[in-house]
Amino acid sequence: QVQLVESGGGLVQPGGSLRLSCVASGNIASINVMGWYRQAPGKQRELVATIVNGGRANYADSVQDRFAISRDNAKSTVYLQMSSLIPEDTAVYYCLCNLQQWGHSNSQNYWGPGTQVTVSS
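Residues numbered from 1 in each chain as written. Predicted model: local features only at pLDDT ≥ 70, side-chain atom pairs only at ≥ 80, totals over all residues. Heavy atoms only, no water.

Focus on the side chain of Arg71
So, step 1. Summarising the element assignment, Arg71 is placed in strand β7 (residues 67-72).
So, step 2. One buried charged residue, Arg71, forms no salt bridge at all, with the nearest opposite charge on Asp72 at 8.3 Å.
So, step 3. One polar contact links the side chain of Arg71 to the main-chain carbonyl oxygen of Ile31, over a distance of 3.1 Å.
So, step 4. A polar side-chain atom of Arg71 sits 3.2 Å from the main-chain carbonyl oxygen of Asn32. (Helix = DSSP H or I, 4+ residues; strand = E, 2+ residues; numbered from the N terminus. Buried < 20%, exposed > 50% of the residue type's maximum accessible area, 1.4 Å probe, protein only. Lys, Arg positive; Asp, Glu negative; His and termini not counted. Salt bridge = Lys/Arg side-chain N within 4 Å of Asp/Glu carboxyl O. Polar contact = N/O pair within 3.5 Å; in protein donor to acceptor, adjacent residues only side chain to side chain.)

Right, here's the structure in full:
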């Protein structure tokens, strides 16, 4: 009863920018943490950025100063503004939400299906 859908991925040249969005929908009472992870071919999935309900964000060292995460609680949406993109940013980007459903006392992690980001000339 909970779905996460990412959008905004695509092909971009080095130095370009993209803005990813992730919308959570369904039986959601509250969202605690939202974040972005990525997985490049042949590599493990890695954290990109997370943001808590109060707005405090954490970033991987590789993207700090280039990426910015934000969230719109009213829309149950998290964004990832990516700038100064480099080929090493090429990966499938996955949205993560830790949320509580109506009628549930606990929170769980939910993942989106992923969106492809390709940085290439």
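Section: the state of the cysteines
So, step 1. Under the definition given, this model contains one disulfide.
So, step 2. Here Cys22 pairs with Cys95 through a disulfide, and the sulfurs are 2.1 Å apart. Taking the torsion about the sulfur-sulfur bond, which here is approximately -85°, the covalent link between Cys22 and Cys95 counts as left-handed. With Cys22 in strand β3 (residues 18-26) and Cys95 in strand β9 (residues 91-100), the pair connects residues that are 73 residues apart, well separated along the chain.
So, step 3. Residue classification places Cys22 among the buried residues on the basis of a relative accessible area of 0%.
So, step 4. Not part of a disulfide, Cys97 finds its nearest cysteine sulfur in Cys95, a span of 4.2 Å.
So, step 5. Residue classification places Cys97 among the buried residues on the basis of a relative accessible area of 0%. (Disulfide = S-S within 2.5 Å.)

Notes on the pattern of salt bridges
So, step 1. In this structure the tally under the stated criterion is three salt bridges.
So, step 2. Of the charged contacts, one joins Arg38 and Glu46 as a salt bridge, the two residues approaching to 2.8 Å between their closest N and O atoms.
So, step 3. Owing to a relative accessible area of 32%, Glu46 belongs among the partly exposed residues under this scheme.
So, step 4. Arg38 is paired through a salt bridge with Asp89; the nearest N and O atoms lie 2.9 Å apart. A residue pair is termed long-range when its members are at least 10 positions apart, and Arg38 in strand β4 (residues 30-39) and Asp89 in the loop between β8 (77-82) and β9 qualify at 51 residues.
So, step 5. In this structure Asp89 comes out as buried when scored by relative accessible area, which is 1%.
So, step 6. One network of salt bridges, in which partners are shared, links Arg38, Glu46, Arg66 and Asp89.

That's the geometry; what it means functionally is another story.
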